[in-house]
Amino acid sequence: MSNQKGLVLVFTGNGKGKTTAALGLALRAWGHDMKVLVLQFIKSQQCGEHLAAQRMQPGLEIRPLGLGFINFNDPADVARQRDAARAALSSVAAAMSAGKYQVLILDEVLYALKYGLLELADVLKLIKQKPADLHLVLTGRDVPQEIVQLADLVTEMKEIKHPFKEGIPAQKGIEF
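Read on for a plain summary of the structure.

Reading the values: the criteria
- Residues numbered from 1 in each chain as written.
- Predicted model: local features only at pLDDT ≥ 70, side-chain atom pairs only at ≥ 80, totals over all residues.
- Heavy atoms only, no water.
- Helix = DSSP H or I, 4+ residues; strand = E, 2+ residues; numbered from the N terminus.
- Rg over C-alpha atoms; globule rule 2.2 N^0.38 Å.
- Contact = heavy atoms within 4.5 Å.
- Areas by Shrake-Rupley, 256 points an atom, 1.4 Å probe, with all protein chains shown as cover.
- Lys, Arg positive; Asp, Glu negative; His and termini not counted.
- Charge placed at Lys NZ, Arg CZ, Asp CG, Glu CD.
- Buried < 20%, exposed > 50% of the residue type's maximum accessible area, 1.4 Å probe, protein only.
- Arc of directions from axis to C-beta.
- Core = buried A, V, L, I, M, F, W, Y, C linked by side-chain atoms within 4.5 Å.

### Here's the deal with the overall build of the protein
Secondary structure summary: the protein contains 6 helices and 6 strands in total. Walking the protein from its N terminus toward its C terminus, one meets helices and strands in the order β-α-β-α-β-α-β-α-α-β-α-β. Taken over C-alpha atoms, the radius of gyration comes to 16 Å for the protein, in line with the 16 Å a tight globule of 176 residues would show. Projected onto the principal axes, the alpha-carbon positions of the protein cover approximately 55 × 30 × 30 Å. In the protein, of all internal contacts separated by at least 6 residues, the share reaching a separation of at least 24 is 76%. Surface accessibility of the protein: about 10,000 Å² in total, with carbon and sulfur atoms responsible for 54%. Of the side-chain charges in the protein, 21 are positive and 18 negative, and the distance between the mean point of each set is 3 Å.

### Considerations on helix α5 (residues 120-128)
Those residues of α5 that sit buried are Val123, Leu124, Leu126 and Ile127. Buried residues along α5 cover an arc of 160° about the axis, so they all sit on one side. Exposed side of α5, more than 90 degrees from the buried face: Ala121 and Lys128 are the residues found there. Turning to α5, the residues buried within the fold contact β1 (8-13), α3 (75-98), α4 (109-114), β5 (135-139) and α6 (145-150).

### So, the nonpolar core
Counting 34 residues, the largest nonpolar core has Phe41, Leu104, Leu118, Val123, Leu138 and Ile147 as the members making the most contacts within it. Going through the elements one at a time, β1, β2 (36-40), α3, β4 (103-107), α4, α5 and β5 are the ones with two or more residues in this core. The element best represented in this core is α3, accounting for 7 residues. Those residues in contact with phenylalanine 41 that lie beyond four places of it in its chain are Gly66, Ala85, Ala88, Leu89, Val92, Leu106, Asp107, Glu108, Val109, Ala112 and Leu118. Counting 16 residues, the second largest nonpolar core, distinct from the first, contains Phe11, Ala29, Val36 and Ile62.

Next comes the structure, spelled out in structure tokens:
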């Protein structure tokens, strides 16, 4: 009898490192020959992690499914973003039912919830339908308490100091 159990892990908080922690977990899983899929709910542009994942095929796949920054002053943009987030959630359901992956990372899904692009009930339903052997990782700020209750592990990143506040722009290889 195996002691393996698919976990629900959450990386949240106002500090940097949520996606980085999830990607570190992805790297560790990939190193153990596990199949990993990262679905990004907000990001649309190619980042360093995409370049690395291309070199780590097969086994680690990253799909940016978002549309990038959200213009909340433009109702049409918000509607497009909502459609993209819902399509990304459908991709999660498809990936879960395919049974191809051992680790599924929903990068920035908590932002999609925070910004009203997704309904909490829909995300909770997916978490509850997770196959027993699948590790499911959620990232983003402001995790709802209902997700905390379902999770096996919740880690909060706390910002203590950030170079952006000193006027230092985002650095290639660090932030993207």
